[in-house]
Structure formats: C-alpha cells, structure tokens
Amino acid sequence: MFILPRRTRPLDLEAEAADTKSKVLQIVEVRRAMEGEAASLAAARATADDLSRMRAALDAIDAAVAAGGDGVEEDLAFHRSIAESTGNAVMVSTMRYLGEVMRSGIRITRANEARRGDFIEEVRKEHHAIFAAIGTGDPDAARAAALTHMKHAASRLQDADERFWTETEDLAVDLDAAR
C-alpha cells in the first residue's frame, strides 16, 4: 500500500467570496453557464407545481423589493426553484453548494441595481421573461432568457461607478466577517 499526493485541491468557496468586481463578474460567468442550462431543462421538465413555486418566488421578490428589502434570499429562491424544476439532483446540489458564493454575488448585483429604479425594473422583466419561457415549455427561449439576464447583470455591474465598487468591497468584507 502507498499513498499518492492529492492531485487537486478541494473547492474552497470561502476563498472565492465575491469581494471584488472581478470576482463578482466571474460568478456571473459561472451562473450564466449553469442557469442557462437549468432554465432550458426546466422548460422541458417543469410540472405545474414547479411553475407555482417559481411564480411564488417571483412574487416574493416583488414583495421584498416593495417593502424596501434587497430581495437577495427571494432571488436565490427563484433561481433555486428553476434548478429544482430540472429534476436533476446533481444540478440542485451544485446550485445549493454554490449558494453562498451566489448569495454574495446577488447581494452585490442587487445593491447596484437598487441605486437605479430602471435597473430594478429591468431585472424584474428579465426574471419574468425566464419564467414565461419556462412556462411555455420552450427550452431554447428559456436558455436565451436566462443568458440575457446574466449578460445584462454583467453589463449593469460593468457600468457601476468606481465609488460603488469601493463601497461594495467594504460591504462584502463586513458581510463575510459577520458570518
């Protein structure tokens, strides 16, 4: 018997926390790949109960934002409901595993979007477009809607002024320290 050295290091999500602009944009890239496929699979496989859960999650986002909240948990629940609708347990587990990194990224993107009312409405429309495409059972349209959402999220982040990123980096460090 002999022991071989480990070939890869385990994924360390703590080291990948969304504490800089480049990290947040990298998270958006990963989300684009995962969420595009999840939306496509959900469109092909979602049941009426799945669609009800997605609708409830969308309504919860709207209610949280209307009440002055950030809607982060509700946003995560919406994207998680899409993953659950795929019927793919590995997809669900991966989304759950990435949840902490996604939470940090969503918190920052939503903080940026909250600075402008038009951004909030754009995100709302993008979420509803994903839901509508899934609801019609069109995998290609669902994938396209999810990819568009992630593309626009990246654009909104790219357009944020440097002061936002300085404030956000401090916010991310404070949030990580509080955990």
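Residues numbered from 1 in each chain as written. Predicted model: local features only at pLDDT ≥ 70, side-chain atom pairs only at ≥ 80, totals over all residues. Heavy atoms only, no water.

Asker: Got a sec to walk through the environment of Thr 86? Specific residues and values, please.
Answerer: When you line up the elements, Thr 86 lands in the loop between helix 3 (72-84) and helix 4 (89-97). Expressed as a C-alpha distance, the spacing of Thr 86 and Ala 43, which sit 43 residues apart in the sequence, is 8.0 Å. For Thr 86, the residues in contact, after removing those within four places along its chain, are Ala 38, Leu 41, Ala 42, Arg 45 and Met 91. Here the side chain of Thr 86 touches Ala 83 through a polar contact of 2.6 Å, landing on its backbone oxygen. (Helix = DSSP H or I, 4+ residues; strand = E, 2+ residues; numbered from the N terminus. Contact = heavy atoms within 4.5 Å. Polar contact = N/O pair within 3.5 Å; in protein donor to acceptor, adjacent residues only side chain to side chain.)

Asker: With reference to specific residues and values, describe the pattern of salt bridges.
Answerer: Under the defined criterion, the tally for this structure stands at ten salt bridges. A salt bridge links Asp 75 to Arg 110, with the nearest nitrogen and oxygen atoms 2.8 Å apart. Note that Asp 75 is positioned in helix 3 and Arg 110 in helix 5 (residues 99-114), a separation of 35 residues in sequence. Each member of the pair, Asp 75 together with Arg 110, is buried. A salt bridge links Asp 140 to Arg 143, with the shortest nitrogen-to-oxygen separation between them at 3.8 Å. (Salt bridge = Lys/Arg side-chain N within 4 Å of Asp/Glu carboxyl O. Buried < 20%, exposed > 50% of the residue type's maximum accessible area, 1.4 Å probe, protein only.)

Asker: I'd like a rundown of the packing of helix 3 against helix 5, residues and numbers included.
Answerer: The contact between helix 3 and helix 5 brings their axes to 9 Å, and the two run at 125°. As judged from the angle between their axes, helix 3 and helix 5 are oblique. The two elements helix 3 and helix 5 cross, and the hand of that crossing is right-handed. On the side of helix 3, the interface is formed by Val 72, Glu 73, Asp 75 and Leu 76, while helix 5 contributes Gly 99, Met 102, Arg 103, Ile 106, Arg 107 and Arg 110. The class makeup of the residues in the contact of helix 3 with helix 5 is four nonpolar, one polar and five charged. (Axes fitted to C-alpha atoms, helices over the stretch in contact; angles between N-to-C directions. Parallel < 35°, antiparallel > 145°, perpendicular 65-115°, else oblique. Left-handed = near helix turned anticlockwise from the far one by under 90°. Nonpolar A, V, L, I, M, F, W, Y, C, P; charged D, E, K, R; others polar.)

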